[in-house]
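Here is how the chains run, residue by residue.
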Amino acid sequence: MILRAADIEKKQQRHSHPWNPASEIHGVRLAHDAGLKRVGVNVGRVPPGKESFVYHVHHVEEEWLYVLSGRAMIDVDGAEHEVAAGDFVAFAPGVAHHLHNPFDEDVRYLMGGEAIDVEICDFPTFKKRMVRHGMKTVVYPLDGEAMGPYPKL
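A short tour of the structure in this document, coming up. Small disclaimer: the values here were computed from a predicted structure and weren't measured.

1. What to know about the layout of surface pockets
Here comes step 1: Of the pockets and cavities examined, the largest pocket occupies roughly 1,600 Å³.
Here comes step 2: Along its surface, the largest pocket is lined by 49 residues, and Arg29, Asn42, Glu61, Glu63 and Arg132 are the ones closest to its centre.
Here comes step 3: Partitioned by chemical class, the residues of the lining of the largest pocket number 25 nonpolar, 15 polar and nine charged.
Here comes step 4: Reported here for the second largest pocket is a volume of approximately 150 Å³.
Here comes step 5: Lining the second largest pocket we find Arg129, Val131, Tyr140, Pro141, Leu142 and Gly144.
Here comes step 6: Looking at the lining of the second largest pocket, the elements that each hand over two or more residues are strand E12 (128-133) and strand E13 (136-141).
Here comes step 7: Residue composition of the lining of the second largest pocket, by class: four nonpolar, one polar and one charged.

In structure tokens form, the structure reads like this:
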């Protein structure tokens, strides 16, 4: 499947994270729109003064980001780094991250990762844990009481 540049531009949509009023990404789910199921590749643009989603850490899936144009700041495990066109950033499971754009021009980037059927993602700032299995997503308090160990049957 080929997605042409003009069609990609027409498909651009605005996305935001409901927990972050500064979250604003304009983009397209390239891999999904091309019919891929096991990998995600998206093109995104974050305007000046806006952020990607929220600070988060995946426990199962790997994720990456490649900056096409502009600059941004990325928080990786609590340390801020400036990234610019040509920079590649990889997030192994367990590495917390979040992108924001304090600069005066848009930052455009490719982002992607695995699309595994089961994922656990923590949001330390909000003290929440998301568990996704297929199309079902449930959010729990991160500091909730553990329910195990389970008795042997």
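2. Details of the environment of Val43
Here comes step 1: Within the secondary structure, Val43 sits in strand E3 (residues 39-46).
Here comes step 2: Owing to a relative accessible area of 17%, Val43 belongs among the buried residues under this scheme.
Here comes step 3: C-alpha separation for the pair Val43 and Arg4, spaced 39 residues apart in sequence, amounts to 13 Å.
Here comes step 4: Every residue in contact with Val43, bar those within four places of it in the chain, is listed here: Ile8, Gln12, His26, Gly27, Val28, Leu30, Leu68, Tyr109 and Leu110.

3. Quick word on the sheet that holds strand E7 (residues 79-84)
The strands making up a sheet associate through backbone hydrogen bonding, with each pair oriented either parallel or antiparallel.
Here comes step 1: With antiparallel pairing, three strands are arranged side by side in an open sheet as E7-E6-E9. Each end of this open sheet is capped by a strand with a single partner; those strands are E7 and strand E9 (97-100). The sheet shows a mean angle of 25 degrees between the axes of neighbouring strands, direction not considered.
Here comes step 2: Bridge count between strand E6 (residues 71-76) and E9: four bridges; the pairing is antiparallel. Of the residues in E9, the one forming a bridge with Ile74 is Leu99.

Analysis parameters
Residues numbered from 1 in each chain as written. Predicted model: local features only at pLDDT ≥ 70, side-chain atom pairs only at ≥ 80, totals over all residues. Heavy atoms only, no water. 1 Å grid on protein atoms, 1.4 Å probe; cavity = no way out; pocket = protein on both sides within 12 Å on 5 of 7 lines; lining within 4 Å. Points joined across faces, edges and corners; volume = space filled by probe spheres on them. Nonpolar A, V, L, I, M, F, W, Y, C, P; charged D, E, K, R; others polar. Helix = DSSP H or I, 4+ residues; strand = E, 2+ residues; numbered from the N terminus. Buried < 20%, exposed > 50% of the residue type's maximum accessible area, 1.4 Å probe, protein only. Contact = heavy atoms within 4.5 Å. Pairing = 2+ DSSP bridges. Axes fitted to C-alpha atoms, helices over the stretch in contact; angles between N-to-C directions.

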